[in-house]
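Here is what each chain is made of, one letter per residue.
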Amino acid sequence: AVPTAYNAMMEVASRYDLSSLRFCASAGEHLRDHTFRNWQNATGMKLVNGIGSTEMRNHFIAQPLSVDRPGATGRLLPGYTARIVDQEGNPLPCCEKGWMAVKGPVGCRYFDDPERQKIYVRQGWNITGDIFEQDADGWFWYIDRGDDMIVSSGYNISAQEVEQILIEHPKIKECAVVGAPDDERGQIVKAFVVLADGAFPGEDLAHDIQEFVKHAVAPYKYPRLVRFLDELPKTATGKIQRYLLKEME
């Protein structure tokens with residue numbers, strides 16, 4: 001299931017006998033530490049993370065069942081090759097952030113769509129559109145979707161990094177971060193927040209949320225705009241529809 005679905009199930013997990021539960025896999029969105037920890041506390045099970053794509057039709061990177069390194073997306077599955085590349089497709093050194101490029105026994109080309117072919121398939125590699133880094137031990141770590149990176153006053157800001165901090169706020173149930181247009185900075189960080197039960201929106205809470213982020217990461221990454229929503233827009237499978245949040249701008 002997607003992480004959003006696990007977050008929803010956690011709220012009712014204590015009502016059911018889950019002793020027959022043997023295996024839980026997360027896919028479709030980045031698995032945050034918050035979700036991993038809370039699911040393990042609620043069920044005793046570790047969420048097994050991984051990444052696939054429509055173009056690859058399968059997972060190509062995943063954690064082992066034992067989840068040896070929580071927080072990482074995982075390591076390559078048999079038969080696949082991946083590397084981190086720059087905008088021109090050149091391989092980057094270990095531990096540098098760049099675009100995920102993968103090839104293996106599955107993959108695709110785009111027929112009758114040369115523009116998509118240029119974007120998603122380069123020199124035989126499928127480009128997933130995700131920003132990753134690979135450590136010295138071969139583990140891949142998710143940074144953000146390439147189109148979700150926010151450039152504000154020349155700083156590259158990961159929306160996922162800000163969301164990781166926001167979700168730890170005790171009054172936040174769900175959140176999503178996007179870049180909002182700004183004449184002075186190009187973009188600014190904007191947070192869409194769904195509050196936990198018993199919490200009420202207002203300027204004081206928005207300010208408290210901003211200060212919460214400032215104390216956890218570099219101050220330039222804090223959300224300069226906070227908007228409260230009753231719910232986040234999602235697909236039928238529970239993935240957050242960030243493009244709809246961007247269209248609100």
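What counts, and where the lines are drawn
Residues numbered from 1 in each chain as written. Predicted model: local features only at pLDDT ≥ 70, side-chain atom pairs only at ≥ 80, totals over all residues. Heavy atoms only, no water. Phe/Tyr/Trp six-rings, centres within 6.5 Å; stacked < 30°, edge-to-face > 60°. Helix = DSSP H or I, 4+ residues; strand = E, 2+ residues; numbered from the N terminus. Buried < 20%, exposed > 50% of the residue type's maximum accessible area, 1.4 Å probe, protein only. 1 Å grid on protein atoms, 1.4 Å probe; cavity = no way out; pocket = protein on both sides within 12 Å on 5 of 7 lines; lining within 4 Å. Points joined across faces, edges and corners; volume = space filled by probe spheres on them. Contact = heavy atoms within 4.5 Å. Pairing = 2+ DSSP bridges. Axes fitted to C-alpha atoms, helices over the stretch in contact; angles between N-to-C directions. Core = buried A, V, L, I, M, F, W, Y, C linked by side-chain atoms within 4.5 Å.

All chains considered together, the criterion is met by four aromatic pairs. On the numbers, 6.4 Å between centres and 45 degrees between planes, the contact of Phe 60 with Tyr 80 is tilted. Here the residue Phe 60 occupies a position in strand 4 (residues 58-62), and Tyr 80 occupies one in the loop between strand 5 (75-76) and strand 6 (81-85), the gap between them amounting to 20 residues. For Tyr 80, a relative accessible area of 10% puts it in the buried group. Measuring from ring centre to ring centre gives 4.0 Å for Tyr 155 and Tyr 220, while their planes differ by 20 degrees; the resulting arrangement is stacked. Of this pair, Tyr 155 sits in strand 12 (residues 155-158) while Tyr 220 sits in the loop between helix 5 (203-214) and strand 15 (225-228); the two residues are 65 residues apart in sequence, bridging distant segments of the chain.

On to empty space enclosed by the protein, then. Applying the stated criterion across every chain yields a total of three cavities of 30 Å³ or more. Computed from the structure, the largest cavity encloses a volume of approximately 140 Å³. Along the walls of the largest cavity sit 16 residues, with Thr 4, Asn 7, Glu 29, Arg 32 and Ile 240 positioned nearest its centre. Among the secondary structure elements, those contributing two or more residues to the lining of the largest cavity are helix 1 (3-10), helix 4 (159-166) and strand 13 (172-182).

In this section: the environment of Leu 232. Structurally, Leu 232 is set in the loop between strand 15 and helix 6 (242-247). The exposure class of Leu 232 is buried, given its relative accessible area of 4%. Expressed as a C-alpha distance, the spacing of Leu 232 and Lys 97, which sit 135 residues apart in the sequence, is 29 Å. Leaving out residues up to four positions away in the same chain, Leu 232 has contacts with Glu 174, Cys 175, Ala 176, Phe 192, Val 194 and Ile 240.

On to the sheet that holds strand 4. Strand order in the open sheet formed by three strands is 3-4-5, and the pairing between neighbours is antiparallel. Looking along the sheet, the strands with just one partner apiece sit at the ends: strand 3 (50-53) and strand 5. The sheet contact formed by strand 3 and strand 4 spans four bridges and is antiparallel. Looking at the pairing, Ser 53 lines up with Asn 58 of strand 4.

With mixed pairing, three strands are arranged side by side in an open sheet as 13-14-15. Where the open sheet ends on each side, the last strands, each with one partner, are strand 13 and strand 15. Averaged over all neighbouring strand pairs, the angle between strand axes comes to 25 degrees, with direction disregarded. Both strand 14 (residues 186-195) and strand 15 contribute to a ladder of four bridges, which runs parallel.

Val 162, Leu 166, Ile 172, Val 177 and Val 213 are the most contacted members of the largest nonpolar core, which has 22 residues in total. Put simply, the parts of the chain that give this core at least two residues each are helix 4, strand 13, strand 14 and helix 5. The contacts of Ile 172, once residues within four sequence positions are left out, are Leu 166, Ile 167, Val 193, Val 194, Ala 196 and Ile 209. Formed by 12 residues, the second largest nonpolar core is a distinct cluster that contains Ile 51, Phe 60, Val 102 and Phe 132.

This brings us to unusual backbone geometry. Positioned with a positive phi, Arg 57 is a non-glycine residue whose angle comes to about 65 degrees. Examined against the element boundaries, Arg 57 turns out to sit in the loop between strand 3 and strand 4. Positioned with a positive phi, Val 67 is a non-glycine residue whose angle comes to about 50 degrees. Examined against the element boundaries, Val 67 turns out to sit in the loop between strand 4 and strand 5. Residue Val 67 is classed as buried on the basis of its relative accessible area, which comes to 3%.

Coordinates in, geometry out; function isn't part of it.
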